[in-house]
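Chain by chain, the residues:
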Amino acid sequence: MTFSVTTWQGRVGPVIEVAGDLDMASAPQLRDRLLEVVETGARTVVVDLTQVGFVDSSGLGALVLVYKNLRERDGWLGLAVVRQSIRNVFSITSVDRVIPLFGTVREAEDASPAAVR
């Protein structure tokens, strides 16, 4: 599967849609795109991983780096993850204890601090 990263404006901030395997070959592309979005001023970011088939430690590292960067700016990062195998990676590594996981982009947006209540 070809790796791609697409950015679009969601209801509460940018949504970064990822497709393909998130591994040591593709993680730098995602990391750079996320950091670019944060540097332009985004404070609420949702990463859509619903089309990702595999995540390794490089992919996790890229997401944690951006999470820390956003946190330092009083920002928020949420992940939309549907595959149980991907959720297991986040659970085993305890990343899901710091970066919240949701079933859909809409659920992540609704849970974000920027959501209109």
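One structure accompanies this document, and this report is about it. (Residues numbered from 1 in each chain as written. Predicted model: local features only at pLDDT ≥ 70, side-chain atom pairs only at ≥ 80, totals over all residues. Heavy atoms only, no water.)

1. Focus on the overall build of the chain
Check the secondary structure of the chain and you find four helices and five strands. Over its C-alpha trace the chain gives a radius of gyration of 13 Å, about what one expects of a compact globule, namely 13 Å for 117 residues. The dimensions of the chain, computed from C-alpha atoms along their principal axes, are 35 × 25 × 25 Å. Each of the 117 residues in the chain was classed as buried or not, and the buried ones make up 44%. A separation threshold of at least 6 residues defines the contact pool for the chain, and within that pool the share at least 24 residues apart is 67%. Of the side-chain charges in the chain, 12 are positive and 14 negative, and the distance between the mean point of each set is 5 Å. (Helix = DSSP H or I, 4+ residues; strand = E, 2+ residues; numbered from the N terminus. Rg over C-alpha atoms; globule rule 2.2 N^0.38 Å. Buried < 20%, exposed > 50% of the residue type's maximum accessible area, 1.4 Å probe, protein only. Contact = heavy atoms within 4.5 Å. Lys, Arg positive; Asp, Glu negative; His and termini not counted. Charge placed at Lys NZ, Arg CZ, Asp CG, Glu CD.)

2. Focus: the packing of aromatic side chains
Given two aromatic rings, one states the distance between the centres and the angle between the planes to describe the pair. For the coordinates displayed, the defined rule picks out one aromatic pair. On the numbers, 6.1 Å between centres and 45° between planes, the contact of W76 with F102 is tilted. Of the two residues, W76 sits in strand β4 (residues 76-80) while F102 sits in strand β5 (residues 101-102), which places them 26 residues apart along the sequence. (Phe/Tyr/Trp six-rings, centres within 6.5 Å; stacked < 30°, edge-to-face > 60°.)

3. Looking at the pairing of strand β1 (residues 4-9)
Look at any regular strand and the pattern is simple: side chains alternate between the two faces of the sheet. In terms of strand pairing, β1 meets strand β2 (residues 14-22) through six bridges, oriented antiparallel. Paired with W8 across the two strands is V15, which belongs to β2. If you look at the hairpin formed by β1 and β2, you'll find four residues sitting between the two strands, and G13 has a positive phi there, around 160°. (Pairing = 2+ DSSP bridges.)

4. Describing the pairing of β4
Taking burial as the measure, the five residues of β4 include five buried ones, the bulk of the element. Neither face of β4 is left uncovered, since the one carrying W76, G78 and A80 and the one carrying L77 and L79 both have all their residues buried. Viewed along the sheet, the connection from strand β3 (residues 44-55) through helix α2 (residues 57-72) into β4 turns out right-handed. One ladder, built from two bridges, connects β4 with β5; its direction is parallel. (Right-handed = clockwise from strand over helix to strand, strands pointing away.)

5. Here we look at the sheet that holds β1
Spatial ordering of the open sheet is given by β1-β2-β3-β4-β5, a layout of five strands whose pairing is mixed. Either end of the sheet is taken by a strand with one partner, and the two such strands are β1 and β5. Bridge count for β3 against β4 is five bridges, and the pairing is parallel. In the sheet register, D48 faces β4, and the bridge partner there is A80. Along the sheet, helix α3 (residues 84-92) makes contact with β3, β4 and β5, crossing β3 at roughly 115°. (Axes fitted to C-alpha atoms, helices over the stretch in contact; angles between N-to-C directions.)

6. Looking at helix α1 (residues 27-39)
Given a rise of 1.5 Å per residue, 13 residues ought to cover 18 Å, and the 18 Å separating the end C-alpha atoms of α1 matches this to within 8%. Within α1, burial applies to A27, L30, L34, V37 and V38. On an axial view of α1, the arc spanned by its buried residues comes to 100°, and they lie on one face. As for α1, its buried residues are in contact with β1, β2, β3 and α2. At the exit of α1 stands G41, carrying a positive phi of roughly 110°. (Expected span 1.5 Å × (residues − 1). Arc of directions from axis to C-beta.)

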